[in-house]
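# A closer look at the structure
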Amino acid sequence: MNNLIRATARCLRSGAAVYLPRQTDGRVWSAASARFLCSAADIQKDLGEMVKKDKVVVFMKGTPAQPMCGFSNAVVQILRMHGVDEYAAYNVLEDQDLRQGVKDFSNWPTIPQVYFNGEFVGGCDILLQMHQNGDLVEELQKLGISSALQNAEKESK
């Protein structure tokens, strides 16, 4: 029980809120459960900071140089077509807590996930739809990013 109290105290000092109700069978949670809940709260706080750090943030499987799934590759290619080369990319395959944490953070069940200025945009399907209907060019302009596709279109006229 002392380990549970210490783990909960560490978590609270870090700024996370922890509620440990009795389990349905009457047992109390273990110190490992408190550390897990604290870790989950820390991940959510970290994710909030990560998505705001850069104008464009992508949580993906693999890296932009080597995507590890077709959907992540499609997001990288769409961004590349628009000339968006500078963005934060986080490989969720390297960290299972990050992989689940970003799903919980956005309340979106799939990877990749794209954020603009800290706001969740969506996954591959939504980014592809935005690309096809022209909304992506407008959203990039709001970020101060000039789409390479729009620039090429202007030059060809």
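So, here's what we can say about the structure. These numbers come from a predicted model, not from an experiment.

### Let's talk about the overall build of the chain
A count of helices and strands for the chain gives seven helices and four strands. Moving toward the C terminus, one meets the helices and strands of the chain in the order α-α-β-α-β-α-β-β-α-α-α. Classification of the 157 residues of the chain by burial places 36% in the buried group. Within the chain, contacts between residues at least 6 apart in sequence are counted, and of these 59% link residues at least 24 apart. Element-wise, carbon and sulfur atoms account for 50% of the exposed surface of the chain, whose accessible area totals about 9,400 Å².

### Details of the sheet that holds strand E3 (residues 113–116)
With mixed pairing, four strands are arranged side by side in an open sheet as E2-E1-E3-E4. Edge strands, defined here as strands with exactly one partner in the open sheet, are strand E2 (88–91) and strand E4 (119–122). With strand direction ignored, the average angle separating the axes of adjacent strands in the sheet is 25°. With four bridges connecting them, strand E1 (residues 56–60) and E2 associate as parallel partners. Counterpart to Val58 in the pairing with E2 is Ala89. Along the sheet, helix H3 (residues 70–81) makes contact with E1 and E3, crossing E1 at roughly 160°.

### Focus on the packing of helix H5 (residues 124–133) against helix H6 (residues 135–142)
Where H5 contacts H6, the axes come no closer than 5 Å and their chain directions differ by 100°. Regarding the angle of H5 to H6, the classification is roughly perpendicular. Each of Leu127, Met130, His131 and Asn133 in H5 lies in contact with H6, whose residues at this interface are Asp135, Leu136 and Glu139. Residue composition of the contact of H5 with H6, grouped by class: three nonpolar, two polar and two charged.

### With respect to the pairing of E4
Both E3 and E4 contribute to a ladder of three bridges, which runs antiparallel. Residue pairing across strands places Val114 opposite Gly122, the latter belonging to E4. Here E3 folds back onto E4, and the loop between the two strands holds two residues, one of which, Asn117, carries a positive phi near 50°.

### Comments concerning the packing of aromatic side chains
With the rule as written, the count across this model stands at five aromatic pairs. For the pair Phe59 and Tyr90, a centre-to-centre distance of 5.2 Å together with 20° between the ring planes defines the contact as stacked. Here the residue Phe59 occupies a position in strand E1, and Tyr90 occupies one in strand E2, the gap between them amounting to 31 residues. With respect to burial, Phe59 and Tyr90 carry one shared label: buried. Connected via pairs of aromatic rings, a cluster forms that spans Phe59, Tyr90, Phe105, Trp108, Tyr115 and Phe120.

### Description of unusual backbone geometry
Geometrically, the link from Ile111 to Pro112 is a cis peptide bond, its omega value of 10° lying close to zero. A positive phi is found at Asn107, a non-glycine position, where the angle reads about 60°. Within the fold, Asn107 resides in the loop between helix H4 (96–106) and E3. The backbone phi angle of Asn117 is positive, close to 50°, even though this residue is not glycine.

Cut-off values and rules
- In this convention, every chain numbers its residues from 1, walking through the sequence in written order.
- In keeping with the predicted nature of the model, local features appear solely for residues at pLDDT of at least 70, side-chain atom pairs appear and are counted solely at 80 or more, and the whole-chain, interface and lining totals rest on all residues.
- Values shown for side chains rest on all heavy atoms present in the structure; no hydrogens or waters enter the calculation.
- Under the DSSP-based scheme used, a helix requires at least four consecutive residues in state H or I and a strand at least two consecutive residues in state E, with every element numbered from the N terminus.
- With a 1.4 Å probe rolled over the protein chains alone, any residue whose accessible area is under 20% of its type maximum counts as buried; one over 50% counts as exposed, and the rest are partly exposed.
- Note on contacts: a residue pair qualifies if any of its non-hydrogen atoms lie within 4.5 Å across the two residues.
- Each accessible area is a Shrake-Rupley result for a 1.4 Å probe, and residues are judged covered by the shown protein chains and nothing else.
- One bridge is not enough; two strands pair if DSSP finds at least two bridges between them.
- Every angle, taken between N-to-C directions, lies between 0 and 180 degrees, and every axis is a line fitted to C-alpha atoms, over only the stretch in contact when it is a helix.
- Orientation categories follow fixed angle ranges, with anything under 35 degrees roughly parallel, anything over 145 roughly antiparallel, 65 to 115 roughly perpendicular, and all other angles oblique.
- In this classification, the charged set is Asp, Glu, Lys and Arg, the nonpolar set is Ala, Val, Leu, Ile, Met, Phe, Trp, Tyr, Cys and Pro, and all remaining amino acids, among them Gly, are polar.
- Working definition: rings of Phe, Tyr and Trp (its six-membered ring) pair if their centres are within 6.5 Å, and the pair is stacked with planes under 30 degrees apart, edge-to-face with planes over 60 apart, and tilted otherwise.

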